[in-house]
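# Topology and contacts: notes
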Amino acid sequence: MNYRIAICDDVETDRRFIADMVNDWTQKKGYIAKIDNYSSAENFLFNYTDHDYDILLLDIEMDDMDGVTLAKKLRRSNDTIQIVFITGYSDYIAEGYDVMALHYLMKPVKEEKLFEVLDRAVDKLAKNEKTINLDAKGEMIRLPIYQIRYAEVFGNYVTIHAIDKITVKMTLGELGKMLDERFYRVGRSVIINLTVIQRVTKDVIKLNDGTLIPVPRGAYDGINRAIINLR
């Protein structure tokens, strides 16, 4: 497999350290990877449009634009790149939900942990290629699974909320069998993509686009367990 990987860190020794471990990982796995290094968020953004990166290893604490701000800008146009934050502090972890970060690696980064996270990244990249075929009013639609944010049932029809809304005649259970472990059924009427959940309270699930979905009575603990198990 071929991958494009970017490392963005304003400390040169840290960039080299991570790059060496990424090279070791690719050799161990038999992958081919093009690795690009960037010394600032601004430098990355300036060159980003010329590349289609699969994985971004991103330092959070950088001068001028920090890693979280860069990730938010990136997510406006790219929801498939696997973002791995690298930080010396745990204060930023909550913000990772806003940008669908795959993981946080604490400095100093351990090789075993980095390899594990990179394995997860390529696994998610492979899953993003999965599609389902839907018959919507006589039109066959091929929909990448990762684009589905949530789906809700109305009578004999299910409305799928992706880039566009798609309504199909099927049961929620039938749709659920077509999806994977990223999706969780909340009560009788909704299936949610766990990776787009920003916050869960006893009353409501907030998605990272601001959508609010009511939490049925007794469903709170199950939703949180599903999120924890997915990560």
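Anything mentioned here points back to the structure above.
Residues numbered from 1 in each chain as written. Predicted model: local features only at pLDDT ≥ 70, side-chain atom pairs only at ≥ 80, totals over all residues. Heavy atoms only, no water.

### Observations concerning helix 2 (residues 41-48)
Note the cut-off: Relative accessibility decides the category of a residue: with a 1.4 Å probe and only protein chains considered, values under 20% of the type maximum give buried, values over 50% give exposed, and everything between is partly exposed. Under the DSSP-based scheme used, a helix requires at least four consecutive residues in state H or I and a strand at least two consecutive residues in state E, with every element numbered from the N terminus. Directions are taken from the helix axis to each C-beta atom, and the arc is the one they span. Residue contacts follow a heavy-atom distance rule, with two residues in contact if any of their heavy atoms lie within 4.5 Å.
For helix 2, every residue scored as buried is listed here: A41, F44 and Y48. For helix 2, the buried positions fall inside an angular range of 60° around the axis, keeping them on one side. Here the buried face of helix 2 lies against strand 1 (2-8), strand 2 (32-38), strand 3 (55-59) and helix 3 (67-75).

### Regarding the packing of aromatic side chains
Convention followed: The aromatic pairing rule takes the rings of Phe, Tyr and Trp, using the six-membered ring of Trp, and pairs them if the centres are within 6.5 Å, calling planes under 30 degrees apart stacked, those over 60 edge-to-face and the rest tilted.
Going through the model one piece at a time under the given rule, you end up with 7 aromatic pairs. Consider the rings of Y38 and F44, whose centres lie 5.3 Å apart with planes at 85°: the pair is edge-to-face. In textbook terms, an aromatic cluster arises when at least three aromatic residues are bridged by ring pairs, as seen for Y38, F44, Y48 and Y53.

### Notes on the sheet that holds strand 15 (residues 212-214)
Where we set the bar: When DSSP finds two or more bridges between a pair of strands, those strands are recorded as paired. Between the N-to-C directions of two axes lies an angle of 0 to 180 degrees, each axis being a line fitted to C-alpha atoms and, for a helix, fitted only over the stretch in contact.
Strand order in this open sheet of 3 strands is 13-14-15, and the pairing throughout is antiparallel. Every interior strand has two partners, whereas the edge strands, strand 13 (197-200) and strand 15, have only one. Taking each pair of neighbouring strands and ignoring which way they run, the sheet shows an average axis angle of 25°. Of the strands in this sheet, strand 13 and strand 14 (204-207) touch helix 6 (residues 220-230), which is tilted by about 140° from strand 13.

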